[in-house]
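# Residue-level structure breakdown
What follows is the residue order along each chain.
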Amino acid sequence: IFDKVQEVLKQRGKVRRNDENHPQPYCGLLRCRNCNMMITAEHKIKRQKNGNVHQYVYYRCSRKSKSIKCREPWIKQKDLDQQISSLLQKFSLRPDWAKDLREMLIKEKEETGQSSAPFVQESRDRIKDISIKLQRLLDCYLDQDVDREIYREEKAKLLSEKKSLEEKIINLEQKQMGWVAPMSEWIEKAENLVKIAQDSNLYLKKVAAKEIFGLHLLLANGETRPGGPSDS
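All of these numbers come straight from a predicted model, not from anything done at the bench.

Let us look at the pairing of strand β3 (residues 53–61). Successive side chains on a regular strand alternate, one facing one side of the sheet and the next facing the other. Note: strand β2 (residues 39–47) against β3, 9 bridges, orientation antiparallel. Counted as the bridge partner of lysine 44 is tyrosine 56 from β3. Between β2 and β3, which follow one another and run antiparallel, lie 5 residues, and glycine 51 among them has a positive phi close to 100°.

With 12 residues, helix α6 (residues 202–213) should cover 16 Å at 1.5 Å per step; its first-to-last C-alpha distance of 16 Å lies within 8% of that length. Turning to α6, its buried residues number three or more, namely Leu202, Lys205, Lys206, Ala208, Ala209 and Phe213. The secondary structure elements touched by the buried residues of α6 are α2 (77–90), α5 (180–198), β5 (217–220) and β6 (223–226). Trailing α6 by a residue or two, glycine 214 shows a phi angle of about 65°, which is positive.

A separate point is the nonpolar core. Tyr26, Leu30, Tyr59 and Leu88 are the most contacted members of the largest nonpolar core, which totals 25 residues. If you list the elements that add at least two residues to this core, you get β1 (30–32), β2, β3, α2, α5, α6 and β5. Within the second largest apolar cluster, 9 residues are counted, among which are Ile127, Leu134, Leu137 and Ile169.

Time to look at the sheet that holds β3. Strands sit in the order β2-β3-β4 across an open sheet of 3 strands; the sheet is antiparallel. Looking along the sheet, the strands with just one partner apiece sit at the ends: β2 and β4 (75–76).

So, on to the pattern of salt bridges. Taken as a whole, this structure holds 9 salt bridges when the rule is applied. Salt-bridge contacts for lysine 157 lead to glutamate 154; the nearest nitrogen and oxygen are separated by 4.0 Å. A residue pair is termed a helical-turn pair when its members lie 3 or 4 positions apart in one helix, as lysine 157 and glutamate 154 do in helix α4 (residues 148–177) at 3 residues. Looking at lysine 157, the relative accessible area reads 54%, which means it is exposed. Where glutamate 211 meets lysine 189, a salt bridge forms, and the shortest distance between an N and an O atom there is 3.5 Å. With glutamate 211 in helix α6 and lysine 189 in helix α5, this pair connects stretches of sequence that are 22 residues apart.

Before going further, it helps to spend a moment on the packing of α2 against α6. Running from amino to carboxyl end, α2 crosses α6 at an angle of 50°, the nearest separation of the two axes being 10 Å. By the criterion of interaxial angle, the relationship of α2 to α6 is oblique. Regarding α2 and α6, the two cross each other, and that crossing is left-handed. Facing Gln77, Asp81, Ile84, Ser85, Leu87 and Leu88 of α2, the residues of α6 in contact are Leu202, Lys205, Ala208, Ala209, Ile212 and Phe213. Across the contact of α2 with α6, the residue classes break down as 8 nonpolar, 2 polar and 2 charged.

Criteria and cut-off values
- Residues numbered from 1 in each chain as written.
- Predicted model: local features only at pLDDT ≥ 70, side-chain atom pairs only at ≥ 80, totals over all residues.
- Heavy atoms only, no water.
- Pairing = 2+ DSSP bridges.
- Helix = DSSP H or I, 4+ residues; strand = E, 2+ residues; numbered from the N terminus.
- Expected span 1.5 Å × (residues − 1).
- Buried < 20%, exposed > 50% of the residue type's maximum accessible area, 1.4 Å probe, protein only.
- Contact = heavy atoms within 4.5 Å.
- Core = buried A, V, L, I, M, F, W, Y, C linked by side-chain atoms within 4.5 Å.
- Salt bridge = Lys/Arg side-chain N within 4 Å of Asp/Glu carboxyl O.
- Axes fitted to C-alpha atoms, helices over the stretch in contact; angles between N-to-C directions.
- Parallel < 35°, antiparallel > 145°, perpendicular 65-115°, else oblique.
- Left-handed = near helix turned anticlockwise from the far one by under 90°.
- Nonpolar A, V, L, I, M, F, W, Y, C, P; charged D, E, K, R; others polar.

Right, here's the structure in full:
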């Protein structure tokens, strides 16, 4: 009896999900061109007399507008997927272009580094000199050759100069190289758009489409197209 009770409790503790109510991949991505409401999805099941069961997903306007009676037609998920895949491919970067851009990026990075090298090297040499002076100043103070107040004043001046030089080096490197990582990431994403468009993972396509279009994808008469602020 104990084992049976434990099995019942185990079954009750399981979260049961209905596949029909699962969020569909392209929900939250498109708006209706007619009434500007979000596009939602419906899961339909068709049972034939011979026993065959077919499942479909349709996307349509949520029709939540109180001022517009929307009659925007629905679209099958497979057709919507083809349209979004086509849009993603238009924004993809050809492999040869990606290669050329990476080579240009490396060259620009090297030239930028060379132009700032003299200042950086000079600053680092000065920082080394300051470190040596700080050590000498400390030795003199410990040997009681320098008064406490003079030691503190000179130490503060040297530390302030050292910190200022270090900050200038960091700011210069960030300013010159800060754009390299985002640019390299963009090249990789743009090059991979073809693979994403050809993949069967619809959620992956949704993420890519949102990065490119934001919430400006519109569904009008069964066709998906980019919109803009004026379409809102």
